[in-house]
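# Structural features, examined
Chain by chain, the residues:
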Amino acid sequence: MSADTPDGRRRGRLTVYLGAAPGVGKTFAMLDEALRRRSRGTDVVVGLVETHGRPATAAKIGDLEVVPRRAVGHRGVELTELDVEAVVARDPDVALVDELAHTNAPGSSHAKRWQDVHDLLAAGIDVVTTVNVQHLESLTEDVEAITGVRQRETVPDHVVREADQIQLVDLSPQALRRRLAHGNVYRAEQIDASLSSYFREGNLTALRELALLWLADRVDDALTRYRADHAISGTWPARERVVVAVTGGPESATLLRRGARIAERAAGSELLAVHVLATDGLPTASPAAIAADRALVESLGGTFHTVVGEDVASAVVDFAHGANATMVVVGVSRRSRWREAFLGSTSAEIARLSGSLDVHLVTHERARSGRVARRGWSPLSARRRVAGFVLAVAGPVGLTALLDAARDAVGLSTQVMLFLALSVGVALVGGMWPALACAVVSFVCLNWFFTPPTGLLTVADPENLLALLVFVLVAAAVASVVDLSARRTVQAYRARAEASTLAALSRSVLSGEDTAEAVVARLAQTFQLRRVALEERVRTDGRAREWSTIAVADRVVDTVAPARAGRRHAPGGGDETRTVVGVDDDLRLVLDGRPLPAGDRQVLEAFGAQAGIVLEYRRLREEAARAAVLAEADATRTALLAAVSHDLRTPLAAIRAAVDGLRSPEAVLEPQDRTALVETAASETERLEQLIDNLLDLSRLQTGSVAPVLRDVSLEEIVPVAVEPHGARVVLDVPEDLPLVRTDPGLLERVVANVVANAVRFAPPDEPVRVRASASGGIVEVRVVDLGPGVPDDAKDRMFESFQRLGDAAGHGVGLGLAVARGFSRAVGATLVPEDTPGGGLTMVLTVPVAPPRDPARPEREERA
């Protein structure tokens, strides 16, 4: 944090005194450091220290120089805050600033004190400050759960984490309570209440642990940086970290729970789960099993990590060393003893490579059971396997016949190479087992027909025997490579198809689409099923719960399913069956169609999880929409009450005053006074009538009951009538040659009237409002121009909101008129946008579509929009 500033000046260093609760002595510790630094010749000033009326704290300041605070007035009360400018002008080496999380008074240059501290640091001034753990933003919910008190003043964690030095001010709960009881923290009248509430011993113990753990995290970050900077790869057991190696198998849950129990034995320990993918990135376990392991780890408070490695044991050990772990938890191999004797076990290899790491070997139900995943018969289609076996038998026979006819021209080495080529060809066609069969048949043919002595299954020359054996081994190796390549191709195709499908589904969920139907449609398309239904268990009466269909797809989309290119399944075929995939206790997928292999059923579990997310997202959106409607209704009610109490009461009061003056038998009114009172009552009544009309129109707009009747009309019939009440305050310019417009005359008249009334209200008395109309292309523009105070750009959209008033003062007020005007303009297909008037003011631009050309022979027809 003490890097140089852009101007080359050294940035100040930040020292934070962190405490678990008020009263532990942070301010005292800060002042002690200030005195020590001053004794060494450092220029130290007190920017701001809160004594809270404690004489001991005030006395501790002593003769330290104190920079006067800045006074800020707020609601008739004078508040004092840190004077950043004065401290920067004083330019000390060190400034003391108490209570980092403090919220500044309104009107300050920054909202929070920690922002003021940043200004001091940027000026090259070192700052020593204090903060309590309950004010750290990430811990506010934990503190509220412990103490029942919600902290309103917080500081972002990164501000404290980036400090150059953090000093923990620690005090036992018992000592802090004694300090509180002696009156060293709060005033006497607050002591009893504090001891029985926030300062209970259990609360203080929990807060102390929070402070210690948070600081331990910060120290651990520093240790990690130090190890990285100094290229230290060995394990430093400064903190307990338990790494659990998971395979996605049924034993993973047992390993994770055991690892969590081990991690719980030491406070501040971490649980990390790691799953190793092959270097080609292809999964070795079902996506649903890995997702379940990830969810379990997160529920246990740990983190899930996926790494890629050629060797599983090496990848696990490398990850553990990189995480500075202290222990690796691994399960006993599921291989049987004889398989483990030949192939080894991952757990034993991890123990061999672990070095200084502890390895905890956990047994489980599947240990030594020999039940490990086995590869299927072949990834190739049945047609290719049959063709391979036919070629494995017929090929050697045919090749033997050809070579026997050319026995004198072809030697044994050439014959072996030709049979080897045949075996490779069979491997490419039918895979491993046909190739092995071809190799065996070729071996017999070579031995019987071409290897001396012919006609016998014996070999006289050892070199010929070696050639035959190498032939068989090479044929088997080539067949194995071809088989592995075919399997990897199928796995890659399947993985790509699954990833593409799940990614598309995830994108639809994240984009906010209602995808319950999309889930089942995509399932039916991807897996070529006759019918897919998403069902939810609902309560039908007071007790019973039955399955109800949420979404269903009833037709097959012709798409190639993963790993089954060229295969088609028609509805109603003989292999149809019903598959049920449970998402949770109350949600399931029901699939009707062909039977699904195990690999597809595993992918379906991932689809089911996505379906649950879709439904949960839809429920949250519906709840948010209902909450928004309620909030809008509540805001409307509140604004309506405000309008009734302000806008309605003002004209009513004026009318009541005028009527009382006219009715009073004691008042002797001159004719001009009587006329003035009558005009006041009339104008206020007109104002009240207009306000009520706007309220009724607004309610019509909000309920969607506005039904405009569109017809071709001239603006000369609308605009003059709308501006007539304002007389000379409005200058009208509507050319006679304007084209007809397609609109509802009554609604458009209300739009123009409201816009003009708003402009007249805020235009200067000596400046008229100008209303101009012009045609351009297929539209007609009506511009209402005033030279009033105008509206800021950031308020131009808000002024069209219902009951919106910008400042509720002359020169800024905007009432219901514009909200009604924009609503009616949209109803008739027009637009209403604000622009700045050159030289100052506001111009409202009303754009109305021109009427389409009409056949003179056809009568005019009204349209109801």
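Scroll up a little and you will see the structure.
Residues numbered from 1 in each chain as written. Predicted model: local features only at pLDDT ≥ 70, side-chain atom pairs only at ≥ 80, totals over all residues. Heavy atoms only, no water.

## Thoughts on the overall build of the protein chain
Assigned secondary structure in the protein chain consists of 24 helices and 25 strands. Within the protein chain, buried positions represent 42% of all 865 residues. Sequence separation of at least 24 residues holds for 69% of the intrachain contacts in the protein chain that already meet a minimum separation of 6. Of the roughly 44,800 Å² that the protein chain leaves accessible, carbon and sulfur atoms contribute 54%. (Helix = DSSP H or I, 4+ residues; strand = E, 2+ residues; numbered from the N terminus. Buried < 20%, exposed > 50% of the residue type's maximum accessible area, 1.4 Å probe, protein only. Contact = heavy atoms within 4.5 Å. Areas by Shrake-Rupley, 256 points an atom, 1.4 Å probe, with all protein chains shown as cover.)

## Side note on the packing of helix H16 (residues 412–430) against helix H17 (residues 432–450)
Two elements in contact, H16 and H17, have axes whose closest approach is 8 Å; the angle formed by their N-to-C orientations is 160°. Taken as axis vectors, H16 and H17 run roughly antiparallel relative to one another. When the axes of H16 and H17 are compared, the crossing they make is right-handed. Residue-level contacts link Leu412, Gln415, Val416, Phe419, Leu422, Ser423, Val426, Ala427 and Gly430 of H16 to Met432, Pro434, Ala435, Cys438, Ala439, Ser442, Cys445, Leu446 and Phe450 of H17. When its residues are assigned to classes, the contact of H16 with H17 shows 14 nonpolar, four polar and no charged. (Axes fitted to C-alpha atoms, helices over the stretch in contact; angles between N-to-C directions. Parallel < 35°, antiparallel > 145°, perpendicular 65-115°, else oblique. Left-handed = near helix turned anticlockwise from the far one by under 90°. Nonpolar A, V, L, I, M, F, W, Y, C, P; charged D, E, K, R; others polar.)

## So, a negative patch on the surface
Residues Glu716, Glu717, Glu736 and Asp737 make up a contiguous surface patch of negative charge. Tracing the chain through its elements places glutamate 717 in the loop between strand S18 (709–713) and helix H22 (719–723). (Patch = residues over 30% accessible without salt bridge, like charges linked within 9 Å, V, L, I, M, F, W, Y side chains within 5 Å. Salt bridge = Lys/Arg side-chain N within 4 Å of Asp/Glu carboxyl O. Lys, Arg positive; Asp, Glu negative; His and termini not counted. Charge placed at Lys NZ, Arg CZ, Asp CG, Glu CD.)

## Focus: the pattern of salt bridges
Two side chains carrying opposite charge are able to pair once their charged atoms lie near each other. Per the stated rule, a full pass over the model turns up 17 salt bridges. Residue arginine 38 is joined to aspartate 63 by a salt bridge in which the shortest nitrogen-to-oxygen separation is 2.9 Å. With arginine 38 in helix H1 (residues 26–39) and aspartate 63 in the loop between helix H2 (55–61) and strand S3 (65–66), this residue pair connects regions lying 25 residues apart in the sequence. Residue arginine 38 is classed as partly exposed on the basis of its relative accessible area, which comes to 34%. Take aspartate 63: its relative accessible area is 59%, and that puts it in the exposed class. Ionic pairing is found between arginine 783 and glutamate 835, a salt bridge with its closest N-O pair at 2.7 Å. On the criterion of sequence distance, the pair formed by arginine 783 in strand S22 (residues 779–786) and glutamate 835 in strand S23 (residues 831–836) is long-range, its members being 52 residues apart. The exposure class of arginine 783 is partly exposed, given its relative accessible area of 26%.

Shape descriptors only; they carry no functional weight alone.
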